[in-house]
Amino acid sequence: MASANRTTSVLQYTSIDEIPKIREHLKATYNSGRLRPLEYRKQQLLRLVHLIEDNHALFEEAFKVDLGRHALESTAAELNGAVMDLMHLHDNFETWAKPEKPGFNLKFWAFGPVIRRVPKGVVLVVGPFNGAAIVTGNACVVKMSELTPNVSAALAEIFPRYLDQDLFRVVNGGIPETTAVLQLQWDHIVFTGSPAVARIIASAAAKHLTPTTLELGGQCPVFCDPNMDMYLTAKRLLWSKALNAGQTCTTVNHIFVPEGAQDALVEAFSKVYNEFFPEGPERAPISSLVTDVAFKRINGLLEKTKGQIVCGGQSDEGRRWIAPTILKNVALDDVVMENELFGPILPI
């Protein structure tokens, strides 16, 4: 068994012996009915909003250290969006929670059926925090990523000041801690990440017949009509790939365009690239790759691809940094087309 006090330079790992106790404590509080009143859930949601708004500077600095991300990008891409989502939940979930009568059915109408939305119990969230777990009346354990230690440490530090620790807890750690978490029974598991890790989580959940929600990577293609405004298209797509160095699950993965229109699109990308990065991408506030493994994977793809670099291609292993890179003449069987890229490469 791993040490009870494993740490990184900034992140205190949760004691493995403590993890089952956390789950049991949350289960007992959930069973007490404390989270049943809708008003209490709204209060906790607002406290989560205040957690973000009161600590913008703390999170901006943590994102800068972990990802080299500019403060404006952290605010726009992470913090403001999270607040908007939470307020949307706060303002609407009471309507969503109301009992609903199903449509008429001759077999069941005499029973007067009603659909009631009830919480499941204690939910495990692996990855980004999930506000929906609160509004649906569930206690929640959040397993943060050890790959972003400063962000995880920041949240672990301030979390107890804002949310009810009898119902919501943060667990930090690496593979041993995650393994210990997955050995326990949960009433639902929510995971955001790679298919490889999802298989491990789904396998662990199956032992307890635990339902899961798995938000995994996918390839998001863009189809370019030759009659499109190529300049506007290039501008939007390059912005998408520059955001968080392409490490977002909704960014475009590759572009399909008729061969005869490729040159026009490439010309548009070249123009937009110079507008975005007039002093070169090396001097632009572009985020880094999240880990050394991620850097080596993306850099390896650039070394192996048979596509031609139109823009970008620069890299700095010390910073885990790769410039947004546009490739042309990419075949369907090219190495960059095999899986989700999740990085700053955009093949045409």
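About the criteria used
- Residues numbered from 1 in each chain as written.
- Predicted model: local features only at pLDDT ≥ 70, side-chain atom pairs only at ≥ 80, totals over all residues.
- Heavy atoms only, no water.
- Helix = DSSP H or I, 4+ residues; strand = E, 2+ residues; numbered from the N terminus.
- Contact = heavy atoms within 4.5 Å.
- Pairing = 2+ DSSP bridges.
- Axes fitted to C-alpha atoms, helices over the stretch in contact; angles between N-to-C directions.
- Right-handed = clockwise from strand over helix to strand, strands pointing away.
- Salt bridge = Lys/Arg side-chain N within 4 Å of Asp/Glu carboxyl O.
- Buried < 20%, exposed > 50% of the residue type's maximum accessible area, 1.4 Å probe, protein only.
- pLDDT = per-residue confidence, 0-100.
- Parallel < 35°, antiparallel > 145°, perpendicular 65-115°, else oblique.
- Left-handed = near helix turned anticlockwise from the far one by under 90°.
- Nonpolar A, V, L, I, M, F, W, Y, C, P; charged D, E, K, R; others polar.

## Section: the side chain of Lys 42
Step number 1: Take Lys 42: it is sitting in helix α2 (residues 38-54).
Step number 2: With near-sequence residues (within four places) excluded, Lys 42 lies in contact with His 90, Phe 93 and Glu 94.

## Structural notes on the sheet that holds strand β3 (residues 168-171)
Step number 1: Across the sheet, which stays open at both edges, the five strands sit in the order β3-β2-β1-β4-β5 with parallel pairing between neighbours. Looking at which strands have only one partner, the edges of the open sheet turn out to be β3 and β5 (212-216). Direction aside, the axes of adjacent strands within the sheet are offset by 15 degrees on average.
Step number 2: Relative to β5, strand β4 (residues 188-193) runs parallel, the two being bridged by five bridges. Note on β5: the bridge partner recorded for Thr 192 is Glu 215.

## Some details on the pairing of β3
Step number 1: In terms of strand pairing, strand β2 (residues 139-143) meets β3 through four bridges, oriented parallel. Following the sheet pairing, Val 142 is matched in β3 by Val 170.
Step number 2: For the segment spanning β2, helix α6 (residues 149-162) and β3, crossover handedness is right-handed.

## A closer look at the pattern of salt bridges
Step number 1: Summed over all chains, the structure comprises twelve salt bridges.
Step number 2: A salt bridge links Lys 42 to Glu 94, with the nearest nitrogen and oxygen atoms 3.0 Å apart. Residue Lys 42 is found in helix α2, and its partner Glu 94 is found in helix α4 (residues 71-96); the two are separated by 52 residues along the sequence.
Step number 3: Given the relative accessible area of 15%, Lys 42 is considered buried.
Step number 4: One connected set of salt bridges, linked through shared partners, spans Arg 34, Asp 164 and Asp 166.

## A closer look at the confidence of the model for the chain
Step number 1: Of all residues in the chain, 96% attain a pLDDT of 70 or more, and the chain-wide mean is 92.
Step number 2: Of all helices and strands in the chain, the one with the weakest mean pLDDT is helix α5 (residues 132-135) (74), whereas strand β11 (residues 325-328) scores best (98).

## Here's the deal with the packing of α2 against α6
Step number 1: Between α2 and α6, the shortest axis-to-axis distance is 10 Å and the interhelical angle comes to 135 degrees. For the element pair α2 / α6, the angle class is oblique. Taken as a pair, α2 and α6 cross one another with a handedness that is right-handed. Within the contact between the two elements, α2 uses Arg 47, His 50, Leu 51 and Asp 54 and α6 uses Leu 155, Ile 158, Phe 159, Arg 161 and Tyr 162.
Step number 2: When the residues that make up the contact of α2 with α6 are grouped by side-chain class, the tally is five nonpolar, one polar and three charged.

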